[in-house]
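Structure assessment
Residue strings, one per chain:
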Amino acid sequence: MINVLFFGPIAAATGEREASVAHVPGLTLGGLKEMLAVQYPEAMHLATMMAVNGEHVRDLALPLADNSEVAFMAKFSGG
Amino acid sequence: MKEAVRIQQEDFSQDEEIRALQASSKRMGGIATFLGCARDFSEGREVSEISFDAYGSMALSELNKLRSDAIEKYGLLDARIVHRIGTVKGGDNIVFIAAGAEHRVAALEACRWMIDELKQRVPIWKKEITPQGEAWVTPHP
């Protein structure tokens, strides 16, 4: 399973704080984003930043290991 | 003594943070601070409250990296960062950054760099609550 986390504007757009997606061999970050865009098009449009296991990731081709924690995030506005 | 990097709901004391920074080294000749506060007016609207959401574990990790990076990049003697989450009202404190160095230039430059980097790197989001409704904030340059 991939544990997907949503925060701030993206949580507001999905109406969820997290989702579970079945892991399949060869699943990439970009592939996961495309899958989620079917269910949450507005949220994934806002998702300009991504993190895997708490680390910033920009490479959509990154393969995801089973049990990864993935966050799709809108541009930050802290401070 | 409190941790040098914290994310917390409660308010913080600038005096306590500066005292903690000063206590870390007697070689410190300059301390620069940045205090970010909640505005009660934004984009032409009154703002009654600001609420924050954060990816807590990653935000804390990124703030710690930010502090370490600033210490290394500017040769600081120490630095502290405190960011509030939850809900605040106009005039309330949001974020405090303090940089201590042997001389003022490094402290001032590091303090500016840390708040600019915080806005780029740390997963925290703010929502403005107004009499007309609420809206997530689009980042300012």
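Right, let's walk through the structure included here. Each chain carries its own residue numbering, running from 1 in the direction its sequence is written. Going through the entries in the order they are written, you letter the chains from A and number the ligands from 1. Side-chain atom pairs in this predicted model are given and counted only at pLDDT of 80 or more, local residue features only at pLDDT of at least 70, and totals for whole chains, interfaces and linings cover all residues.

Residue and element names in this part refer to chain B. In this analysis, strands are considered paired if DSSP registers two or more bridges between them. Segments assigned H or I by DSSP are reported as helices when at least four residues long, segments assigned E as strands when at least two residues long, and all are numbered from the N terminus. One open sheet holds the four strands; their spatial order is S7-S5-S9-S10, and the pairing between them is antiparallel. The strands lining the two open edges of the sheet, one partner per strand, are strand S7 (86–89) and strand S10 (133–136). Here the average twist between neighbouring strands, direction ignored, is 25 degrees. Between N-to-C directions, angles span 0 to 180 degrees; the directions come from axes that are lines fitted to C-alpha atoms, helices contributing only their stretch in contact.

All names here are of chain B. Topologically, Met 114 is positioned in helix H3 (residues 104–121). Our exposure labels follow a C-beta count within 10 Å of each residue's own C-beta, placed from the backbone: buried means 20 or more other C-beta atoms, exposed means 12 or fewer, and partly exposed covers the counts in between. For Met 114, a count of 28 C-beta atoms within 10 Å gives the class buried. It is 25 Å that separates the C-alpha atoms of Met 114 and Asp 40, two residues lying 74 residues apart in sequence. When near neighbours in sequence (up to four residues on either side) are disregarded, Met 114 contacts Leu 66, Ala 70, Ala 79, Ile 81, Ile 97 and Ala 99. Once C-beta atoms are placed from the backbone, any two residues with those atoms within 7 Å are in contact.

One finds Phe 72 of chain A together with Ala 99, Ala 110 and Met 114 of chain B to be the most contacted residues of the largest nonpolar core, which totals 59 residues. Sort the elements by how many residues they give to this core and strand S8 (residues 93–101) of chain B lands first, with seven residues. When neighbours within four sequence positions are excluded, Ala 110 of chain B is seen to be in contact with Ala 70, Tyr 74, Leu 76, Ala 79, Ala 99 and Ala 101 of chain B. What we call a nonpolar core is a set of buried Ala, Val, Leu, Ile, Met, Phe, Trp, Tyr and Cys residues whose membership is set by joining through C-beta atoms within 7 Å.

Everything listed here is a matter of geometry and, on its own, says nothing about what the molecule does.
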